[in-house]
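So you can see what is in the structure, the chains are spelled out below.
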Amino acid sequence: MARAENKTEAGGTAHLVAALAKALREQHGLTQPQLGDKLGYTAAAVSAMETCAQPASDQMLVKLEAEIGGGLGVFEKARKWILLEKYPARFRGFSELEAGAVTICSYETLVVDGLFQTEDYARALIGGGYPPVSEQKREELVEARVARRALFDQDRAPMVELILEESVLRRPFGSWEVLRGQLLSLTEDAQRDNVCVQVLPLDRGLRGTYAGARGAMKLVETADHQHVVYLEIEDQGILVSEPSEVSQLAHRYAKIRSQALSPDESLNLIERLAGEKR
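What you see is a predicted model, and the numbers here were worked out from it, not measured in a lab.

The rules behind these values
- Residues numbered from 1 in each chain as written.
- Predicted model: local features only at pLDDT ≥ 70, side-chain atom pairs only at ≥ 80, totals over all residues.
- Heavy atoms only, no water.
- Buried < 20%, exposed > 50% of the residue type's maximum accessible area, 1.4 Å probe, protein only.
- Helix = DSSP H or I, 4+ residues; strand = E, 2+ residues; numbered from the N terminus.
- Pairing = 2+ DSSP bridges.
- Contact = heavy atoms within 4.5 Å.
- Axes fitted to C-alpha atoms, helices over the stretch in contact; angles between N-to-C directions.
- Parallel < 35°, antiparallel > 145°, perpendicular 65-115°, else oblique.
- Left-handed = near helix turned anticlockwise from the far one by under 90°.
- Nonpolar A, V, L, I, M, F, W, Y, C, P; charged D, E, K, R; others polar.

Attention now goes to the pairing of strand 4 (residues 217-221). With five of its five residues buried, strand 4 lies for the most part within the structure. Side chains Met-217, Leu-219 and Glu-221 of strand 4 all project onto a buried face; the interleaved residues Lys-218 and Val-220 project onto the opposite face, where all are buried too. Taken together, the five bridges between strand 1 (residues 103-108) and strand 4 define a ladder with antiparallel strand orientation. Of the residues in strand 4, the one forming a bridge with Thr-103 is Glu-221. In terms of strand pairing, strand 4 meets strand 5 (residues 227-233) through four bridges, oriented antiparallel. Looking across to strand 5, one finds that Glu-221 is bridged to His-227. Counting the residues that bridge the hairpin from strand 4 to strand 5 gives five residues, and of these His-225 lies at a positive phi of roughly 65°.

The next subject is the environment of Arg-257. Along the chain, Arg-257 turns up in helix 12 (residues 243-259). By relative accessible area, which is 32% here, Arg-257 ends up partly exposed. Separated by 58 residues in the primary sequence, Arg-257 and Val-199 have C-alpha atoms spaced 8.7 Å apart. If we ignore the near neighbours within four places in the chain, the residues touching Arg-257 are Glu-161, Ile-163 and Gln-198.

Taken N-terminus to C-terminus, the directions of helix 11 (residues 176-189) and helix 13 (residues 263-275) make an angle of 150°; their axes are 9 Å apart at the nearest point. The orientation of helix 11 with respect to helix 13, classified from their angle, is roughly antiparallel. By crossing handedness, the relation of helix 11 to helix 13 is classed as left-handed. Residues Arg-180, Leu-183, Leu-184, Leu-186 and Thr-187 of helix 11 pack against Leu-267, Ile-270, Glu-271, Leu-273 and Ala-274 of helix 13. When its residues are assigned to classes, the contact of helix 11 with helix 13 shows seven nonpolar, one polar and two charged.

Read from one edge to the other, the open sheet built from six strands follows the order 3-2-1-4-5-6, with strand pairing classed as mixed. Two strands bound the open sheet, and with one partner strand each, they are strand 3 (195-200) and strand 6 (236-240). Across this sheet, the average inter-strand angle for adjacent strands is 15°, counted without regard to direction. Looking at chain direction, strand 5 and strand 6 are connected through five bridges and run antiparallel.

Pasting the structure below:
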């Protein structure tokens, strides 16, 4: 059933890659088992890729380029677009903005921002969600999510701000060890030159003001210095670009940031929680 769904859901890039791979395989005079041997995959995996029952993974694309790409670079160029197609439809529009952004500001209330998630955390989170997904689909989504982390190491990496509710740092998925690994990863990311991580403490409401009650948001400054806000509510992705609405949300974000712990205080809290025995 999952493979039938994949054939239906596979995007244009996946179908183009499948057609090119088959044509180049035949041009090289290779059967599916023979190409599989060269790539380190089974004949069934090659067949699934060529029919889009299981679109090519990032690793398979690298190997296809090396074995039958002929120096054209088509499989290498397809890697970015294949990954985009693996995102849920609601997220694809924003993912392109994120990849080319100069500034990303995120406020998260329930889980660690996907850009910062470890592979284990993402797998536990996606695998435990509802409606449930197949193991194959889960791994595709995990691969696509973790691939976003390449943004941190781009030549012109964006400035990234992350504000997390303290409750996020205390909410385990999968196991306490998975959470600990995520917290340790956060401490490393928080010390990058282009990253700022802050925590909005649990007791903030006791101070009389709390600006985060209306939920998570992501603010992005694009390469051409346009400002947009992305909101995700019950599997619905909303991009806000109307200047007056963006301005109001940006002001709310600024208030949330002003109520959060300082970056140094936040790092100390994350390190302390990571070190607690469970």
